[in-house]
Each structure stands twice: as C-alpha cells, then as structure tokens.
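Residue strings, one per chain:
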Amino acid sequence: MGAWPTAAPTRAPYRSRFWRTLWTNAIVAPKTTLGFMRIDFVLGEIFVIPLTQMVFFVFVVAFSYAGASASEIAEQISYVAIGNAVATVAYASIFSVCQTTDSEKQLGTMEHLLVSPANRTALYFGRGFVPILISIGSVTMGLVYAVLFFGVTVAPGSELVIAVSVTLTAFSMVGFGLLLGGVALYLRTSIVLGNIFLFIGLLVSGVNFPISSLPYPVQVASYAFPLTWGVAAIRSAIGGTGLAGMEVLWLGLALSGLAAYGLSIALWGTFEHRAMTTGSIARF
Amino acid sequence: MATVTTSTPDWSGRRSTLASIRLAVLTFLADPQWLIPSMIAPIVFGFVSYELFLGSPDLVVYVILGAGMMSMWGQTLYGSGWATGQDRNLGTLEPTLSAPTPYLFVVLGRILWNVVSGLIGIALVFVVVVAVSGTVPSIDNPLAFTVLFLFTMFTLAAVGTVFAAAYVYTRYAGFIQNVGEFAFYIGTGCMFPVIILPFWTNPIALFFPPSWALDALRYAAIPGYVGFSWGLGWDVVGGIGTTVAYLLIAGVVFRRVERHVLEVGNLQEY
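Just so it is clear, the model here is predicted, and its values are computed rather than measured.

> For this particular structure, what's the right way to read the overall build of chain A?
From N to C terminus, chain A includes 13 helices and zero strands. The linear arrangement of helices and strands in chain A, starting from the amino end, is α-α-α-α-α-α-α-α-α-α-α-α-α. C-alpha extents for chain A along the principal axes are approximately 105 × 40 × 35 Å. With 284 residues in all, chain A has 50% of them scored as buried. In chain A, the proportion of contacts linking residues at least 24 apart, taken out of those at least 6 apart, comes to 84%.

Rendered as structure tokens:
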C-alpha cells in the first residue's frame, strides 16, 4: 500500500478584486437586478416623466393662482417647475436602485450572493453607477424643459455650479436608494418603500412649496433626505449663487449622501443578519 | 355508429366575472400590501395640491375628487397591467387564455375590483383633508353625485378593459403605466378642469370616457363650476357614448388579441 496522499497545499482564500467587482456590477446590474432599466424605461425616465410631472404640477399652480397677477403666477410656475425637474431624480436613484434586493430574491441569487467573497462595498457602489448617470440625465432634461416651456431663467455663468449641484444630488440620492435597498432586504418587498420615497419628496423637500410651511418636526426630518438639499442647491445655483455661496448647501448635500452610503454599508451586516433570522432573505 | 353530442359551453359571462371579482377580493385580502404602491402617488399628489390650493375651502372638493380619481386611475392602470404581467411571469396566462371562459370576463372582474379598491384612497384623502381643513365639503345634490360617481367608476373600468387587452398583446405594460401615469392624470383633468389646458389637448382628452364623467361629476358637486361649455347633460351623453365605444373596442380587441397571441405563441415572452 502506498502512503496516504498528501493534502493539497492550502491556498489563501479567494479575494475578489475591488475594482473588478465594482465595474462588473456597474455593467451587469442594469441588465439584471436594477428595476426599470430597459431602454424604453430609461428613455421615458429621462425624456417623458420630467415633462409630464412638471406639466401636472404647473397646471395645478395655474389653476389655484387663477386670480393672481401674471408675475406672481410666473414666479410660482417657475418654482414648481424647478422643484419637479429636480424631483425626477428619484425615479432612477430610488425606485430603480432599491429594487435590487427584490430582483435578487426573485431570481434566487440572493443566497449565492451573500455567501460569495465579493466585496460588499464594491458590489453596492457598482450598482449605483448607471443610476447616477440616468439621474443626472433626467434632472438635466427637466431643467431644459423648465427653461424652454415654463419661463425659468438661468443666471448667466451659473452652468458649472448647476452641473456640480445636479451631480452631487444624483450621487447622494443613489446613496439613499442603496440604503433603502438594504432595508428592503428583510422586508417582503421593496416596492412599498420605493413608492413612498419616490413621491414623499414632493411633499417634504421643498419641491412644490417651501418647507417652512410644514410642521416644524417635518422640516427638521426633511433635512435628512438628500433631495431637500439637492432642490435647495439647484434652486440657488439657477438663481446665480456663486461657488462661495454654495458651500453650505453642497456640504449638506454631500454629507446627507455620504451618511446614506455609510449607513448602507455599515448596516448591511445587520440587514443580512435580520434577513437570515426572519427568513425574509428568500421571501418575496 | 356513435353519435357526437354537442353541449353548450359550461360558462357564462356573468358567472365568470363574479368568480373573477371573488378571486380578486380574496387575493387582495390575502396580500393587501399591493394596494399601497398605487395609492401612495395619488394621496401625495392630493396633499401637495391641497397645499398649492392654499387651503382654499372652495378647492377642497377638487382635491378629494382629484385624489380619488387618481387613486382609481392608478388601481386601474397598475392593477390590470400588473395582473396580466404577473400571469405572464408565473406562466398562467396561456392556460387562462386556453380555458373556455373568454379572458375578457376574467380581466373585467379584476378591473372592477381594482376600481372599487381605489375608493380606499379617496376615503383616506377625505379623512385627512377634512381633518386639516376643518371643513366637511357639502354636496348640493347627493343623489346625482352618487349616481355620477358610480358612472365615473364604470368609465374607468371601461378604459381599464381596453388597456388590459393591450397588455396581453404587449410586453410594455409597465412602460405604459409608469411613463403614462402623469399624462393620464393631466389628460383627464384629475386635479383641474380640462378646459384650462391648451385648446388642442381638449379633443384628445375627450377620447377618454373619464374626462366626460369627471366633468359631469364636478358640475354636480361644485356650485359655479366652469367645465366644458356644453354642461352636465351632454357630459353624461358623451361619457355614455365613449364608454360604450370602449367596451365594444375591448370586446373586438380581446377576440383578435387572443387569436393573434395564440397563433404567434409569444404569450410567455416577458
């Protein structure tokens, strides 16, 4: 009899490379787990929804201010048009992104994903890449409509400030969407959560009326939502506030976004644990 | 030689529709969370509009009717589309279409329930708006209002049936629902009279039975309402005419769609 076979040399555990995971997810997620990423939806999100949403609320304003002076009506229309142009960011950043967990559950890939050595941070951020681009597209198109159809005037030389504000808003809102996606891990579905946060901004973020008209506790809570900062920043930028004047708004926007990203990464372990213990990991 | 006996099909439209309604109600009771997604938007839009209307007591009825209308629209659009999409995903669309019962009656039952369940949205908005404004809106002619409200629901069901026929045929039901949501709210004048829209949009709005019905409902509910110049009577006539046209179209389209998708064999594509 021969000797016992020697044990195979042990290898260091496989570690997926951060950038590879990030990039793969950025490319693959729109085709698999992100919601509403078919090309017709994406074109609708960028070109159709901003216009129809703005038209709806602009006519509500036109109807309610029927007896007001022309300048007052124009001012209100301008306010609502800008607010709703920015609010369309939520379709890609919140509604699409927070459905990733639902899709994983429905496709039966969630369990496999959780036992894989893929870097969670790379996995998470990668999924947000395309929604950030689509969010930028929808807000930009909304602002173009605001100028073309609703009489919004952009202060000369404010393009760069607007571009930075729009990009920061898209980045922060996708972070918030990822956080909701994590919470949805131990919910049965993310659809309810996605729908609530898709539209709640219209009420609490200064999209259609100043947040000062809301009850004080709601005003305070609204600043935890990146959209509130985003709407304020883009309004200021369109009004001609220079780089120096934008510091506080950009800081608030960046912090609310970073807090959302940070929480989504930090709490992912908790979400996983809760989902495993409640069995919601495989329930949809 | 054996004789072949023919028998009448073992179904009736009424029984099929009632069975479909019953199933829709049971499904809803088993999993009522699906009502929430399509109700959130109308309720939020209702509150936003109330705020934009500056809390004017004259416009409270607009908010309640508008949010209710949007809630029922949402349920009709999403509910009927979602049900067909779900049938497609779960692989039950083919057997359902192959059953002796025409699919039209299955869909009709679902849509009728969807429209009725949209009433929960109107109830919620009513309670909150009344609580916030502190005024209970009064209605001049409650009987006419009730009849016209039921008629409005029926017009929505008629539109939903035509949409459902299209949803069987297309994989783009989700696109129509999500991208078209605001367009339907605008086109049928949910939160404001259609006449304040540019004139060229008015003929388009009149293609939809709910535009007529909602205008008639506002004439009955809001004193001094200025809607279509022809007034309540012709609104009702127009609403009935377009609703009948929609139901006829739905019948024809369903028959053709059923035949076509069975011939092509693409029912399971999604």
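From this point, the narrative continues.
> Teacher, can you tell me more about the overall build of chain B here?
The helix and strand tally for chain B stands at eleven helices and zero strands. Taken from N to C terminus, the helices and strands of chain B fall in the order α-α-α-α-α-α-α-α-α-α-α. Counting all 270 residues of chain B, 47% fall into the buried class. Considering only intrachain contacts with a sequence separation of at least 6, the fraction spanning at least 24 residues in chain B is 81%.

> I would appreciate a short explanation of the interface of chain A and chain B in the present structure.
One widely used convention gives an interface's size as the accessible area the parts lose upon coming together. Between chain A and chain B, the residue contacts involve 27 residues of the former and 26 residues of the latter. With 15 residues, helix 2 (residues 39-64) of chain A is the single largest residue contributor to the side of chain A that touches chain B. When the residues that make up the side of chain A that touches chain B are grouped by side-chain class, the tally is 19 nonpolar, seven polar and one charged.

> Sorry if this is basic, but what is going on with the nonpolar core here?
A general trend in soluble globular proteins is that nonpolar side chains are found buried together. Ranked by size, the top nonpolar core spans 157 residues in total, and within it Ala90 and Ile94 of chain A together with Val63 of chain B carry the most contacts. The element best represented in this core is helix 7 (residues 142-169) of chain B, accounting for 15 residues.

> Please clarify how the environment of Val127 of chain B should be interpreted in this entry.
Mapped onto the secondary structure, Val127 of chain B falls in helix 6 (residues 119-133). Along the sequence, Val127 of chain B and Val244 of chain B sit 117 residues apart, while their C-alpha atoms lie 34 Å from each other.

> Mind showing me how you'd approach the packing of helix 1 (residues 18-28) of chain A against helix 7 (residues 120-149) of chain A here?
The geometry of a pair of packed helices is captured by two quantities: the angle between their axes and the separation between those axes. All names here are of chain A. At a minimum axis separation of 7 Å, helix 1 and helix 7 run at an interaxial angle of 35°. In this structure, helix 1 meets helix 7 at a crossing whose hand is right-handed. Contact residues: helix 1 offers Phe18, Thr21, Leu22, Trp23, Thr24, Asn25 and Ala26, while helix 7 offers Ala122, Leu123, Phe125, Gly126, Arg127, Phe129 and Val130. Considering only residue class, the contact of helix 1 with helix 7 consists of nine nonpolar, four polar and one charged.

> Where do I start with the confidence of the model for chain A in this structure?
Detailed reading of the predicted coordinates is not advisable wherever pLDDT is low. Considering every residue of chain A, the mean pLDDT works out to 85; 92% of them sit at 70 or more. Within chain A, the lowest mean pLDDT, 75, falls on helix 13 (residues 268-278) of chain A, and the highest, 94, falls on helix 11 (residues 226-239) of chain A.

> How should I be thinking about the environment of Ala30 of chain B in this particular structure?
Residues and elements named next belong to chain B. Structurally, the position occupied by Ala30 is in helix 1 (residues 13-30). Under the C-beta neighbour-count criterion, Ala30 is labelled exposed, with 7 such atoms within 10 Å. Separated by 112 residues in sequence, Ala30 and Pro142 place their C-alpha atoms 34 Å apart.

> Looking at this structure, I do not really get the confidence of the model for chain B. What am I missing?
Mean pLDDT over chain B works out to 81, with 88% of the residues at or above the 70 mark. With pTM at 0.86, the complex prediction returns an ipTM value of 0.84.

> Explain helix 1 of chain A here, please?
Because each turn of an α-helix spans 3.6 residues, side chains separated by three or four positions in sequence point in the same direction. Residues and elements named next belong to chain A. Among the residues making up helix 1, those that are buried are Thr21, Leu22 and Asn25. Burial along helix 1 is one-sided: seen end-on, the buried residues are contained in an arc of 100°. Across helix 1 from its buried face, at more than 90 degrees, point the exposed residues Trp19 and Ile27. If you follow the buried residues of helix 1, they end up packed against helix 7.

> Would you mind showing me how to read the environment of Ser158 of chain A here?
All names here are of chain A. With respect to the helices and strands, the residue Ser158 is situated in the loop between helix 7 and helix 8 (159-183). Sequence separation of Ser158 and Thr21 is 137 residues, and the distance between their C-alpha atoms is 37 Å. Apart from residues no more than four positions distant in its own chain, Ser158 is found in contact with Ala237, Ile238 and Gly240.

> What is the right way to look at the packing of helix 3 (residues 70-87) of chain A against helix 7 of chain A in this model?
Residue and element names in this part refer to chain A. Where helix 3 meets helix 7, the closest approach of the two axes is 7 Å, and the angle between their N-to-C directions is 160°. By the angle class used here, helix 3 and helix 7 are roughly antiparallel. Both helix 3 and helix 7 take part in a crossing whose hand is right-handed. Along its contact with helix 3, which presents Ala81, Ile82, Asn84, Ala85 and Val86, the element helix 7 presents Val139, Gly142, Leu143, Tyr145 and Ala146. Of the residues in the contact of helix 3 with helix 7, the class split is eight nonpolar, two polar and no charged.

Quick notes on the rules
- Residues numbered from 1 in each chain as written.
- Chains lettered and ligands numbered in written order.
- Predicted model: local features only at pLDDT ≥ 70, side-chain atom pairs only at ≥ 80, totals over all residues.
- Helix = DSSP H or I, 4+ residues; strand = E, 2+ residues; numbered from the N terminus.
- Buried ≥ 20, exposed ≤ 12 C-beta atoms within 10 Å, placed from the backbone.
- Contact = placed C-beta atoms within 7 Å.
- Nonpolar A, V, L, I, M, F, W, Y, C, P; charged D, E, K, R; others polar.
- Core = buried A, V, L, I, M, F, W, Y, C linked by C-beta atoms within 7 Å.
- Axes fitted to C-alpha atoms, helices over the stretch in contact; angles between N-to-C directions.
- Left-handed = near helix turned anticlockwise from the far one by under 90°.
- pLDDT = per-residue confidence, 0-100.
- Arc of directions from axis to C-beta.
- Parallel < 35°, antiparallel > 145°, perpendicular 65-115°, else oblique.

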